[in-house]
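Survey of secondary and tertiary structure
Each chain is listed here by its residues.
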Amino acid sequence: VQLQASGGGLVQPGGSLRLSCAASGSMSRINDMGWYRQAPGKQRELVAAITSSGSTNYADSVKGRFTISRDNAKNTVSVQMNSLKAEDTAVYYCNAEIVAIVGYSGRYWGQGTQVTVSS
């Protein structure tokens, strides 16, 4: 089982980016999925999360600007990030709680994708 993230990059303040993450491997079920971020010198923090039934949770700092979604048929989770600010600059990690058919069941992390908001 692995998570593969994509979509980071450099964007100007006020711009938008969309991050996506795909889970692959021998999976029985994916429970919660989400995105975390870690800025230099700071702890990793939750950005947004979504349950298998579609309930969402956002960090206060991104409410109204970020939207998380998932496609259960494709085992993907995405976050649409609008009105980006310099303080959104960080490495973003996708995360999922996965029940594997074979091997480890639990929290999996993607490889991280850099988001830089700068003019």
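Being a predicted model, the structure only gives us computed values, none of them experimental. (Residues numbered from 1 in each chain as written. Predicted model: local features only at pLDDT ≥ 70, side-chain atom pairs only at ≥ 80, totals over all residues. Heavy atoms only, no water.)

Let us now look at the overall build of the protein chain. Scanning the protein chain for helices and strands turns up 0 helices and 11 strands. Secondary structure of the protein chain in N-to-C order comes out as β-β-β-β-β-β-β-β-β-β-β. The globule rule puts the C-alpha radius of gyration for 119 residues at 14 Å, and the 14 Å found for the protein chain is close to it. C-alpha extents for the protein chain along the principal axes are approximately 45 × 25 × 20 Å. Residues classed as buried in the protein chain amount to 41% of the 119 residues present. Here the contacts in the protein chain between residues at least 6 apart in sequence split such that 55% fall between residues at least 24 apart. When the accessible surface of the protein chain is summed, it comes to about 6,200 Å², and 46% of that surface belongs to carbon and sulfur atoms. (Helix = DSSP H or I, 4+ residues; strand = E, 2+ residues; numbered from the N terminus. Rg over C-alpha atoms; globule rule 2.2 N^0.38 Å. Buried < 20%, exposed > 50% of the residue type's maximum accessible area, 1.4 Å probe, protein only. Contact = heavy atoms within 4.5 Å. Areas by Shrake-Rupley, 256 points an atom, 1.4 Å probe, with all protein chains shown as cover.)

This brings us to the state of the cysteines. On inspection of all chains with the given rule, the structure shows 1 disulfide. Put simply, Cys 21 and Cys 94 are joined by a disulfide, and their sulfur atoms are 2.1 Å apart. Between Cys 21 and Cys 94 the disulfide shows an S-S torsion of about 50°. By sign, it is right-handed. Placement of Cys 21 in strand β3 (residues 17-24) and of Cys 94 in strand β9 (residues 90-100) is noted, with a sequence separation of 73 residues between them. There is no split in this pair, since Cys 21 and Cys 94 are both buried. (Disulfide = S-S within 2.5 Å.)

Quick look at the sheet that holds strand β8 (residues 76-81) now. The strand order β1-β3-β8-β7 describes an open sheet built from 4 strands, whose pairing is antiparallel. Where the open sheet ends on each side, the last strands, each with one partner, are β1 (2-6) and β7 (66-71). Looking at each pair of strands side by side, their axes are set apart by 15° on average, direction ignored. With 6 bridges connecting them, β3 and β8 associate as antiparallel partners. If you follow Arg 18 over to β8, its bridge partner there is Gln 80. (Pairing = 2+ DSSP bridges. Axes fitted to C-alpha atoms, helices over the stretch in contact; angles between N-to-C directions.)

A positive phi angle, close to 55°, is found at Asn 75, a residue other than glycine. Inspection of the secondary structure puts Asn 75 in the loop between β7 and β8. Judged by its relative accessible area of 24%, Asn 75 is partly exposed. Phi is positive for Ser 83, close to 50°, though the residue is something other than glycine.

All we've got here are geometric facts, nothing functional implied.
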